[in-house]
Structure formats: C-alpha cells, structure tokens
Amino acid sequence: MPRSDGKIKIKVLSSYIYEKGVGPQENMGRSNKWYKGFVKALLARNVDLNKLDIDFVGLSTDRSDDFRVAQRFGEEGAALVICPGTDAAVRWSKQSHSIPTVYFGAHPENNGIELHERANICGVRLNLPLIWSPANFKTVKELLPNIEHIYFPLNRESEFVFDNVRSLYKSFREKSETSWIPHNSHYIGHRSITFLCESIDCEYFEGPYSGTSELGTLLESIRTVEKKLIVGFNDTTLVPGAIDLISKYVRAYGVPLLWVNNFPVIQDCGVADFSSDFFRVGMCVGDLAHALLFEGATPKDLGLLPDPGQKTGLNLSRCAALNIDVPAALRSKFDIAV
C-alpha cells in the first residue's frame, strides 16, 4: 500500500550489491540488465515511476543482520521485496512470511525449489544455461576440443549450496583435507553435471571451499593438470577477493575460464559466459510486481515463471591469447562477441 507521501515502497534485497571498484561484478545487483527490463515492463503498463520509492539494500555476510533487515523493512512499510539471486531469496524467506516477495534465482537439480510454495513468494526460476542444456555443453567442447578435466569451485558458505548438498560436503571434508571431489564419488553434490561432462568425454570435479585461502589451495592443487577448464558460478562473487584470485590464476597459467550468469567476469578474464537473458527476466519481474501492486494478485496466484531465455557471450581477445580458434560458424552460436 502507498505510504503517507503517496509512494509505494519497494526494497531490492540482494547479496550481489557491491561497492564500486570491487571488480567486474560491481554492477550485478543494481545497474544491470534485469533492472532495465523491470523498468521497461512497468513503463509499458503506464506506471508512474515517481510514485515508486525503490531502495537497493545489500545483504551483509553476517547473517545475524538478516532479522534486523526484515524488521526495518516492516517498520518502513515495504509493499514489495525483490530478491535478485537465490542466496538473498533463501535468507529473506527465513525472516519474512508476510511481505510480498518476487525473486529470480536458480535451483540446480531442484534443490530448494520448495521456496516457491511460500505464501508470500513468487518469481522466475533461472536455468543456469550451461548446465541446463546439453547443446551448450557441446558448444563448450567445440570451442575447447582438447579439454579433458572440468573443475567447478563452489562456495560452500553460500545459500546456493543447499543444506542437503552442504551436508555431503561436510562429510567429505571430515574425511579429506581441502581437495576436489572426483566425478565418481558419492559425495558429489550436483550429479547431473557429471553426465553432461561425460557426454563430451570430460571428467567432472567439484571443489567446495570456504574463503580465498581454501579456494587458493584448490587452484594450486591442479596447477600442473593439463587440458583443464574452470567453470564459475556467482556464489564465488560472494567471497571477497575470490574473483581477483581466479583472474590472476587463469592469466598466470593460461587456463580457460567459463562463467554462468556473469558476462563482465568473462570480459575481464574468461573465455565464454552462458547467462539467462536478464533483460527479459527483469521484464518478468516487472509483470509480477505490477500484478501484486496494482492488480490485486497474491504471490500464490502468480507462482514460479520459467526462465525466459538465455544470452551467451564470448571474449575473443581472451580466446586469441589462449590460441583458441573461433571460426565464424562457432562464433555465430554466441549472442555477444567482444
């Protein structure tokens, strides 16, 4: 409902809101394409943006602050909370059961998908295009035909690593020092990626870590492994210094890097990115927000929308530096090439 000043209070709550200068990820939660799509969707419905009070709030790494954030949102009369990212959505869901919430985020292997059953939550499910599509995996093999080993570092402190997967990682760590989990281990947290890797004749390794020290140990342990590829997810951007560490590593040792849902990281130090189409995601978020704020709908009425599409990006300069050949037919498979 409007406040006394006539404005509708919308809170954008995200773990991916950063200060300027932190690295290529600095615009993730605030100034990127999802927000532009969100605004376009509202304008298409003749919403007067001057009547909206939109406040961007970054979640602290200290989870004890979450309760105070929810308390403040209630006191300030927030009519809607938007959560860009699964991490923020999961944390917010533990604090609020009443404020209408729209989120967009991924649920690999359906982990945490029960979030959409909450009465105050609706949103857009993101696919993580690289691991959702066998066709995208085949494109990786076409781009990097000599690759034999694929390494996925995963931030085990992020809510993106759901409780069931985190319990596996905990058991693995009790039996092993910081190391990669091999593809044939029963401690693998995301089994379907194993099959995708096998489909292009590659071995899959999962690397749960906490902090840059453990991440550095994982990377150093594979320094002499040849024909390898590193794939990153945005849970790594939640670790201060992690992107810088990976950037320096792949540059120093000539390792190809792929990312999921973060083309700016690829522009900085990687080869290719496989993202959701965040402009269209933002338009979906705008449609949901309009339904909640102006059409009398409830989150239960709206449910969970499918990912509206993907955008892929290629860093030709980095490919050239790594002597990766990109013929025209392969280049045409990417939406963006820089």
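Check the entry above for the structure.
For every chain, the first residue of its written sequence is number 1, and the numbers climb from 1 along that sequence. This being a predicted model, a pLDDT of at least 70 is required before a residue's local features are given, and a value of 80 or more before pairs of side-chain atoms are given or counted; all residues contribute to the totals for chains, interfaces and linings. As a rule here, side-chain values cover all heavy atoms of the structure and leave hydrogens and water aside.

Enquirer: Just to check I follow, could you spell out the packing of helix α8 (residues 211-221) against helix α9 (residues 242-253) for this structure?
Expert: At a minimum axis separation of 10 Å, α8 and α9 run at an interaxial angle of 20 degrees. With respect to α9, the axis of α8 lies roughly parallel. Here the hand of the crossing between α8 and α9 comes out right-handed. Every residue of α9 that contacts α8 at Thr 212, Leu 215, Gly 216, Leu 219 and Glu 220 is listed here: Ala 242, Leu 245, Ile 246, Tyr 249 and Tyr 253. Gly counts as polar in this scheme, as do all residues outside two lists: the nonpolar Ala, Val, Leu, Ile, Met, Phe, Trp, Tyr, Cys and Pro, and the charged Asp, Glu, Lys and Arg. Classifying every residue of the contact of α8 with α9 by side-chain character gives seven nonpolar, two polar and one charged. Fitted lines through C-alpha atoms give the axes, limited to the stretch in contact for helices. The angle between two N-to-C directions lies from 0 to 180 degrees. Working definition: helices are DSSP H or I runs of at least four residues, strands are E runs of at least two. Numbering for both runs from the N terminus. Between 65 and 115 degrees an angle is taken as roughly perpendicular, under 35 as roughly parallel, over 145 as roughly antiparallel, and anywhere else as oblique. Take the far helix as the reference: if the near one is turned anticlockwise from it by less than a right angle, the crossing is left-handed, and if turned clockwise, right-handed. Here, two residues are considered to be in contact whenever any of their heavy atoms come within 4.5 Å of each other.

Enquirer: What is the right way to look at the pattern of salt bridges in this model?
Expert: Any two side chains of opposite charge can pair, given that their charged atoms come close. Salt bridge, as applied in this entry: a Lys or Arg side-chain nitrogen positioned within 4 Å of an Asp or Glu carboxyl oxygen. A complete count under the given rule lists 20 salt bridges for this structure. Linking Glu 159 and Arg 63 is a salt bridge whose minimum nitrogen-to-oxygen distance equals 3.2 Å. Of this pair, Glu 159 sits in the loop between β6 (149-155) and α6 (163-175) while Arg 63 sits in the loop between β2 (52-58) and α2 (66-75), and the two are 96 residues apart along the sequence. Between Asp 277 and Arg 280 there is a salt bridge, with the nearest N and O atoms lying 4.0 Å from each other. Salt bridges sharing partners connect three or more residues here, namely Lys 11, Asp 55, Arg 72 and Glu 76.

Enquirer: Hey, could you run me through the nonpolar core in this one?
Expert: What tends to happen in soluble globular proteins is that the nonpolar side chains get buried as a cluster. Put simply, buried Ala, Val, Leu, Ile, Met, Phe, Trp, Tyr and Cys residues joined by side-chain atoms within 4.5 Å make one nonpolar core. Type-normalised accessible area, obtained with a 1.4 Å probe on protein chains alone, sets the label of each residue: buried when under 20%, exposed when over 50%, and partly exposed for intermediate values. In this structure, Leu 143 and Ile 150 are the most contacted members of the largest nonpolar core, which totals 67 residues. Considering every element that reaches this core, the biggest residue donor is helix α11 (residues 278-294), with seven residues. Excluding anything up to four places from it in sequence, Ile 150 contacts Phe 137, Cys 197, Ile 200, Cys 202, Glu 203, Tyr 204, Phe 205, Leu 229 and Val 231. Of all hydrophobic cores here, the second largest spans 22 residues; its members include Tyr 209, Leu 218, Ile 230 and Phe 263.

Enquirer: Help me out: how do you make sense of the layout of surface pockets in this one?
Expert: Where empty space is left in the structure can be found by rolling a water-sized probe over the atoms. Only protein atoms enter the 1 Å grid used here. Points where a 1.4 Å probe fits but cannot escape make up a cavity, open sets with protein on both sides within 12 Å along at least five of seven lines make up a pocket, and a residue lines them when an atom lies within 4 Å of a point. Grid points are joined across faces, edges and corners, and a volume is the space filled by probe spheres set on the points. Estimated volume of the second largest pocket: approximately 510 Å³. Considering the residues around the second largest pocket, the lining is formed by 28 residues, among which Thr 61, Thr 237, Leu 238, Val 239 and Pro 240 are closest to the centre. Among the elements of the structure, α3 (86-93) and α9 are those that each provide at least two residues to the lining of the second largest pocket.

Enquirer: Mind showing me how you'd approach the sheet that holds strand β3 (residues 80-84) here?
Expert: Sheets are built from strands that pair by backbone hydrogen bonding, the pairs being arranged parallel or antiparallel. Pairing between strands requires that DSSP locate at least two bridges from one strand to the other. Taken together, the six strands give an open sheet; going across it, the order is β2-β1-β3-β4-β5-β12, and neighbouring strands pair in parallel fashion. Of all strands in the sheet, those bounded by a partner on one side alone are β2 and β12 (304-305). In terms of strand pairing, strand β4 (residues 101-106) meets strand β5 (residues 121-126) through six bridges, oriented parallel. Bridged to Tyr 103 within β5 is Gly 123. α2 rests against β1 (8-14), β2 and β3 of the sheet, and its axis sits at about 165 degrees to β1. Docked against the sheet, α3 engages β1, β3, β4 and β5, running at close to 135 degrees with respect to β4.

Enquirer: Got a minute to help me understand the side chain of Glu 159 in this structure?
Expert: By relative accessible area, which is 9% here, Glu 159 ends up buried. Within 3.5 Å is the distance limit for a polar contact, defined as a pair of N or O atoms, with the added protein rule that one can donate a hydrogen and the other accept it, and that residues adjacent in sequence qualify only through two side-chain atoms. There is a polar contact of 3.2 Å between the side chain of Glu 159 and the side chain of Arg 63. Setting aside residues up to four positions removed in sequence, Glu 159 forms contacts with Arg 63, Asp 87, Val 90, Arg 91, Lys 94 and Arg 166.

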